[in-house]
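So the chains spell out like this:
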Amino acid sequence: EVSTEDPETAFFTLAKREDLNPEEGSIHHCLYQFTRNEKLTETNKLLCDVCTQRHYGPKKNIKSEKKYVYTNAKKQMLISLAPPVLTLHLKRFQQAGFNLRKVNRHIKFPEVIDLAPFCTVKCKNVAEGNTKILYSLYGVVEHSGTMRSGHYTAYAKMRSMNNRLSDLVLRGQSPQALETEPVKGQWFHISDTHVQAVSASKVLSSQAYLLFYERLL
């Protein structure tokens, strides 16, 4: 969804980004970089319909592509609707010339993450007055190996059913209260048919490829 209605609040977030100071090599830093404010200048200038009409009149009078007016602009990608389930896909493959190589760097990720600094100030599915949108980790997919061969494994958290999350999914009801602690449960490592109970610290030290969070209600 592109925000063009209110330029004054277009770049405002639900929580202050200035207070983040994200650690490099963390999922917070990845999200911060992905949602940062970008300047569109030179060859990236934005075609401005309002500027064009102001300068040349209505569109029907414009016959040449050269008559369109391009202007400097700012762009920022923010979340406009807080999902019940948050899936984060880390880029683990990088192009180096004509070759692809795997990125093995460890990215830190928490059991509970606040999405508010990356959401628009008018974010939907958020109760009025809330400045936090918290999610609890419940699944991780990990890839081991190289670009030529490898193996996918998963970490999953066995926990009790969250009926209020179902209400959010099925009925779109915004949460009225937020928990701040991760959902209680037991973590398991799954590799093909082998399943083993593991600690939360083991999960947090994994080389995550996909992260799955559920909304804390």
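Look above for the structure.
Okay, so let's go over this structure. This structure is a prediction, so every number in the text was calculated from the model and none was measured.

### Remarks on the overall build of the protein
Moving on, step 1. In terms of helices and strands, the protein carries four helices and 15 strands.
Moving on, step 2. Taking all 217 residues of the protein together, the buried fraction comes to 33%.
Moving on, step 3. Expressed as a percentage of contacts within the protein between residues at least 6 apart in sequence, the contacts between residues at least 24 apart total 75%.
Moving on, step 4. For the protein, the computed accessible surface area is about 14,300 Å², with 51% contributed by carbon and sulfur atoms.

### Thoughts on the layout of surface pockets
Moving on, step 1. Considering only enclosed or pocket space, the second largest pocket measures out at about 680 Å³ in volume.
Moving on, step 2. Every residue lining the second largest pocket is counted, 26 residues in all, and those nearest its centre are Cys30, Leu31, Phe34, His89 and Leu90.
Moving on, step 3. Among the elements of the structure, α1 (27-34), β6 (85-89) and β7 (93-96) are those that each provide at least two residues to the lining of the second largest pocket.
Moving on, step 4. For the lining of the second largest pocket, the element with the most residues is α1, which contributes six residues.
Moving on, step 5. For the lining of the second largest pocket, the residue count by class is 15 nonpolar, seven polar and four charged.

### A short note on the pattern of salt bridges
Moving on, step 1. By the definition in use, this model includes five salt bridges.
Moving on, step 2. One salt bridge in this structure joins Glu23 and Lys108, with 2.8 Å as the shortest N-O distance. Of the two residues, Glu23 sits in the segment before α1 while Lys108 sits in the loop between β8 (99-102) and β9 (112-114), which places them 85 residues apart along the sequence.
Moving on, step 3. Overall, the relative accessible area of 42% leaves Lys108 in the partly exposed class.
Moving on, step 4. A salt bridge links Glu214 to Arg159; the nearest nitrogen and oxygen atoms lie 2.9 Å apart. Of this pair, Glu214 sits in strand β15 (residues 208-215) while Arg159 sits in the loop between β12 (150-158) and α3 (163-171), placing them 55 residues apart in sequence.

### As for the state of the cysteines
Moving on, step 1. Summed over all chains, the structure comprises one disulfide.
Moving on, step 2. Each sulfur in the disulfide pair Cys48 and Cys51 lies 2.4 Å from the other. When the S-S torsion is 70 degrees, as for the bridge of Cys48 with Cys51, the disulfide is right-handed.
Moving on, step 3. The class for Cys48 is buried, based on a relative accessible area of 15%.

### Focus: the environment of Val112
Moving on, step 1. Following the sequence through the fold, Val112 ends up in strand β9.
Moving on, step 2. Classification of Val112 as partly exposed rests on a relative accessible area of 22%.
Moving on, step 3. In this structure, the C-alpha to C-alpha distance between Val112 and Glu181, residues 69 residues apart in sequence, is 7.1 Å.

### Concerning the packing of aromatic side chains
Moving on, step 1. For the structure on display, the rule yields three aromatic pairs.
Moving on, step 2. Seen from their ring centres, Tyr138 and Phe212 are 6.2 Å apart, and the 50 degrees between their planes marks the pair as tilted. A residue pair is termed long-range when its members are at least 10 positions apart, and Tyr138 in strand β11 (residues 134-145) and Phe212 in strand β15 qualify at 74 residues.
Moving on, step 3. Among the residues examined, Phe212 registers a relative accessible area of 22% and is labelled partly exposed.
Moving on, step 4. Seen from their ring centres, Tyr152 and Tyr209 are 6.0 Å apart, and the 40 degrees between their planes marks the pair as tilted.

### Observations regarding the environment of Cys30
Moving on, step 1. Position of Cys30 relative to the elements: it lies in helix α1.
Moving on, step 2. Relative accessible area serves as the criterion here: at 36%, Cys30 is assigned to the partly exposed category.
Moving on, step 3. Cys30 sits 60 residues away from Leu90 along the chain, and the two C-alpha atoms are 8.8 Å apart.

About the cut-offs
- Residues numbered from 1 in each chain as written.
- Predicted model: local features only at pLDDT ≥ 70, side-chain atom pairs only at ≥ 80, totals over all residues.
- Heavy atoms only, no water.
- Helix = DSSP H or I, 4+ residues; strand = E, 2+ residues; numbered from the N terminus.
- Buried < 20%, exposed > 50% of the residue type's maximum accessible area, 1.4 Å probe, protein only.
- Contact = heavy atoms within 4.5 Å.
- Areas by Shrake-Rupley, 256 points an atom, 1.4 Å probe, with all protein chains shown as cover.
- 1 Å grid on protein atoms, 1.4 Å probe; cavity = no way out; pocket = protein on both sides within 12 Å on 5 of 7 lines; lining within 4 Å.
- Points joined across faces, edges and corners; volume = space filled by probe spheres on them.
- Nonpolar A, V, L, I, M, F, W, Y, C, P; charged D, E, K, R; others polar.
- Salt bridge = Lys/Arg side-chain N within 4 Å of Asp/Glu carboxyl O.
- Disulfide = S-S within 2.5 Å.
- Phe/Tyr/Trp six-rings, centres within 6.5 Å; stacked < 30°, edge-to-face > 60°.

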